[in-house]
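Summary of structural features
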Amino acid sequence: MLITLEGIDGSGKTTVWKQLQEELSSDEFVFTREPTTSKYGELLRENLASDTENRFTELFLFMADHAHHVNNTIKPAINNDKVVICDRYIDSRCAYQGHTLDSDLPNPTKFVYELHNGWSVFPELTIFLDVNVNTSLSRLDTSEKFETENKLASIKENYEEIATMDVDRFSIVNGEENRKKVSNNVKKKILERIEE
């Protein structure tokens, strides 16, 4: 089974992901994230640090890193009956690259989503940590290129669009609550889905 954690920057998903690693530390679980630390992920990070590259270059570097991740981590773990919990996955790409390509394509979020059809592995459960953009900004201490009010608002709208495209796998958790409560709510949803 593949379970993913999603949310805008500052939503707390990486914090929850790390907490889950401590609490669900059995051999049943594999924890991973995108972008990865592969050579494709490193190229991607170099690209993200620069605003000079073409936006489609960025998208397809994300896709190359994702393809490597699916083939070398996700599929082998699932084939070995593991529960994979991934910090960021397909939906992050759709939401963020959907934003960057907004002036290039009529429906960029759907375009990026459909690039994954037929070969990638879609999650059985995606937990979206929902926070207000102002809450998100108050938690951030960096100035990465997506971390502005307008950009995060656009990205959040893209997430909401994706959730309507795949309602059966999306579960929303209020990320405004305290860290422990959010983590417990996420863990509860994960364990319930595994039990099902």
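Note that the structure is predicted; figures quoted are calculated from it, not measured.

1. Remarks on the overall build of the chain
- In terms of helices and strands, the chain carries eight helices and five strands.
- Along the chain, helices and strands appear, N-terminal first, in the series β-α-β-α-α-β-α-α-β-α-α-β-α.
- Here the chain has a C-alpha radius of gyration of 16 Å; the compact-globule value for 196 residues is 16 Å, and the two agree.
- Judged by the C-alpha coordinates and their principal axes, the chain covers about 45 × 35 × 30 Å.
- A buried classification covers 46% of the 196 residues belonging to the chain.
- Counting only carbon and sulfur atoms, one obtains 45% of the accessible surface of the chain, whose full area is about 9,800 Å².

2. Some points on the pattern of salt bridges
- All told, the structure shown has 14 salt bridges when counted by the stated rule.
- Salt-bridge contacts for D104 lead to R55; the nearest nitrogen and oxygen are separated by 2.8 Å. Of this pair, D104 sits in the loop between α4 (90-100) and α5 (108-114) while R55 sits in helix α3 (residues 55-79); the two residues are 49 residues apart in sequence, bridging distant segments of the chain.
- Note on D104: relative accessible area 34%, which makes it partly exposed.
- Its salt-bridge partner being E177, residue K181 comes within 3.1 Å of it at the nearest N-O pair.
- Taking relative accessible area as the criterion, E177 reaches 26% and is therefore assigned partly exposed.
- Beyond isolated ion pairs, a larger network of salt bridges with shared partners links K13, R33 and D87.

3. Side note on the pairing of strand β4 (residues 125-130)
- Across the six residues that make up β4, a large majority, five, are buried.
- In this structure, β4 lies alongside strand β5 (residues 170-174), joined through five bridges in parallel fashion. From the neighbouring strand, I127 faces β5, where its bridge partner is S171.

4. Topic: the packing of α4 against helix α7 (residues 149-165)
- Viewed as axis vectors pointing N to C, α4 and α7 meet at an angle of 130°, and their least axial separation amounts to 8 Å. The orientation of α4 relative to α7 falls into the category oblique. Like other packed secondary-structure pairs, α4 and α7 cross with a definite hand, here right-handed. Along the contact surface, α4 presents D91, S92, C94, A95, Y96, G98 and H99, while α7 presents K151, L152, S154, I155, N158, Y159 and I162.
- When its residues are assigned to classes, the contact of α4 with α7 shows seven nonpolar, five polar and two charged.

5. Structural notes on the packing of aromatic side chains
- Scanning all chains against the criterion turns up five aromatic pairs.
- Taking 5.5 Å as the distance between ring centres and 55° as the angle between the ring planes, the aromatic pair formed by Y113 and F122 counts as tilted.
- Looking at F122, the relative accessible area reads 25%, which means it is partly exposed.

6. Looking at the environment of E192
- In this fold, E192 is placed in helix α8 (residues 179-195).
- Separated by 40 residues in sequence, E192 and L152 have C-alpha atoms that sit 30 Å apart.

7. Section: the environment of A95
- Secondary-structure assignment places A95 in helix α4.
- For A95, a relative accessible area of 0% corresponds to the buried category.
- Separated by 63 residues in the primary sequence, A95 and N158 have C-alpha atoms spaced 4.9 Å apart.
- In contact with A95, other than residues within four places in its own chain, are I155, N158, Y159 and I162.

Cut-offs applied
- Once a new chain begins, its residue numbering starts again from 1 and follows that chain's sequence as written.
- Reporting in this predicted model follows two pLDDT cut-offs: at least 70 for local features of residues, and 80 or more for side-chain atom pairs to be given and counted; totals over whole chains, interfaces and linings ignore these cut-offs and use all residues.
- Hydrogen atoms and water are omitted, and side-chain values are computed over all heavy atoms in the structure.
- Strands are runs of DSSP state E lasting at least 2 residues, helices are runs of H or I lasting at least 4, and numbering of each runs from the N terminus.
- We compute the radius of gyration from the C-alpha atoms alone; for a globule the expected value is 2.2 Å times N to the 0.38, where N is the number of residues.
- Burial status follows relative accessibility: with a 1.4 Å probe on protein chains alone, a residue under 20% of its type maximum counts as buried, one over 50% as exposed, and anything between as partly exposed.
- Shrake-Rupley sampling with a 1.4 Å probe provides the accessible areas, and residues are treated as covered by the protein chains on show and by no other component.
- For this analysis, a salt bridge means a side-chain nitrogen from Lys or Arg found within 4 Å of a carboxyl oxygen belonging to Asp or Glu.
- Strands pair, by our definition, only if DSSP identifies at least two bridges between them.
- Orientation is described by axes fitted as lines to C-alpha atoms, over the contacting stretch for helices, and by angles from 0 to 180 degrees between their N-to-C directions.
- Angular relationships are summarised with four words: roughly parallel below 35 degrees, roughly antiparallel beyond 145, roughly perpendicular across 65 to 115, and oblique for the angles in between.
- By the definition used in this description, the sense in which the near helix is turned from the far one sets the handedness, with an anticlockwise turn below a right angle giving left-handed and a clockwise turn giving right-handed.
- Between two residues, a contact is recorded if the distance between any of their heavy atoms is within 4.5 Å.
- Residues were grouped as follows: Ala, Val, Leu, Ile, Met, Phe, Trp, Tyr, Cys and Pro as nonpolar; Asp, Glu, Lys and Arg as charged; and all remaining residues, including Gly, as polar.
- Ring geometry is summarised as follows: Phe, Tyr and Trp rings, the Trp one being its six-membered ring, pair when their centres sit within 6.5 Å, and such pairs are stacked at plane angles under 30 degrees, edge-to-face over 60 and tilted between the two.

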